[in-house]
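Take a look at the letters that make up each chain.
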Amino acid sequence: MEERFFETFIHCYFIAFGVVIGGSIIGSIGAFITGNPPLTEIGRIAIQLRIWAIVAAIGGTFDAIANFERGIYNGSTLDLFKQALFILSAMGGVKTAILLLSWLTQEEIS
């Protein structure tokens with residue numbers, strides 16, 4: 001069954017947010033075990049997880065490409081617009097997570 005637009009929009013935001021937060025914190029545990037500074041590693045890992053969080057939130061790149069193709073070739077601009085909003089929602093979740101991590105670690109994260 002197809003999810004409603006706003007549910008998917010909110011899910012994309014929080015999935016991307018959770019991937020960055022969770023991946024960074026769990027990754028910093030590995031950095032602590034190996035003797036690297038965990039707070040510095042949180043920022044580095046968060047930057048590396050940005051694109052993967054967006055891909056995970058929108059459900060993989062194939063679905064996004066198929067929706068773009070449908071929007072361009074079949075003239076279904078609504079599908080194209082929805083997919084763009086899902087990607088923007090995921091990008092917002094990533095940006096929020098990186099901002100929160102930079103506040104918590106008090107380090108500059110690009």
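The rules behind these values
- Residues numbered from 1 in each chain as written.
- Predicted model: local features only at pLDDT ≥ 70, side-chain atom pairs only at ≥ 80, totals over all residues.
- Heavy atoms only, no water.
- Helix = DSSP H or I, 4+ residues; strand = E, 2+ residues; numbered from the N terminus.
- Buried < 20%, exposed > 50% of the residue type's maximum accessible area, 1.4 Å probe, protein only.
- Contact = heavy atoms within 4.5 Å.
- Areas by Shrake-Rupley, 256 points an atom, 1.4 Å probe, with all protein chains shown as cover.
- Lys, Arg positive; Asp, Glu negative; His and termini not counted.
- Charge placed at Lys NZ, Arg CZ, Asp CG, Glu CD.
- Salt bridge = Lys/Arg side-chain N within 4 Å of Asp/Glu carboxyl O.
- Axes fitted to C-alpha atoms, helices over the stretch in contact; angles between N-to-C directions.
- Left-handed = near helix turned anticlockwise from the far one by under 90°.
- Nonpolar A, V, L, I, M, F, W, Y, C, P; charged D, E, K, R; others polar.

Engineer: How should the overall build of the protein be read in this particular structure?
Structural biologist: Counting its regular elements, the protein contains four helices and zero strands. Counting from the amino terminus, the protein carries its helices and strands in the arrangement α-α-α-α. Taking the principal axes of its C-alpha atoms as reference, the protein extends roughly 55 × 25 × 20 Å. When each of the 110 residues of the protein is scored for burial, the buried share is 30%. Considering only contacts within the protein whose residues lie at least 6 apart along the sequence, 71% involve residues at least 24 apart. For the protein, the exposed area adds up to about 7,100 Å²; of that, 69% sits on carbon and sulfur atoms. Considering the protein, the positive charge centre built from 6 side chains and the negative charge centre built from 9 side chains are found 3 Å apart.

Engineer: Would you mind going over the pattern of salt bridges with me for this structure?
Structural biologist: Here the idea is simple: oppositely charged side chains can pair when their charged atoms come close. What the rule picks out here adds up to two salt bridges. Notably, a salt bridge pairs Glu 7 with Arg 4, separated by 2.7 Å at the nearest N-O pair. Residue classification places Arg 4 among the exposed residues on the basis of a relative accessible area of 59%. Put simply, Glu 41 and Arg 44 hold a salt bridge, and the shortest N to O gap is 2.5 Å. Within this pair, Glu 41 and its partner Arg 44 are both found in helix H2 (residues 38-57), separated by three residues, close to a single helical turn. Exposure remark for Arg 44: the relative accessible area of 40% places this residue in the partly exposed category.

Engineer: Can you help me understand the packing of helix H1 (residues 5-34) against H2 in this one?
Structural biologist: Two numbers describe a pair of packed helices, the interaxial angle and the distance between the axes. Contact pair H1 / H2: the axes reach a minimum separation of 7 Å and the direction vectors enclose 145 degrees. The element H1 and its partner H2 pack so that their crossing is right-handed. Facing Cys 12, Ile 15, Ala 16, Val 19, Val 20, Gly 23, Ser 24, Gly 27, Ser 28, Ala 31 and Phe 32 of H1, the residues of H2 in contact are Pro 38, Glu 41, Ile 42, Ile 45, Ala 46, Leu 49, Ala 53, Ala 56 and Ala 57. Here the contact of H1 with H2 is built from residues that sort into 15 nonpolar, four polar and one charged.

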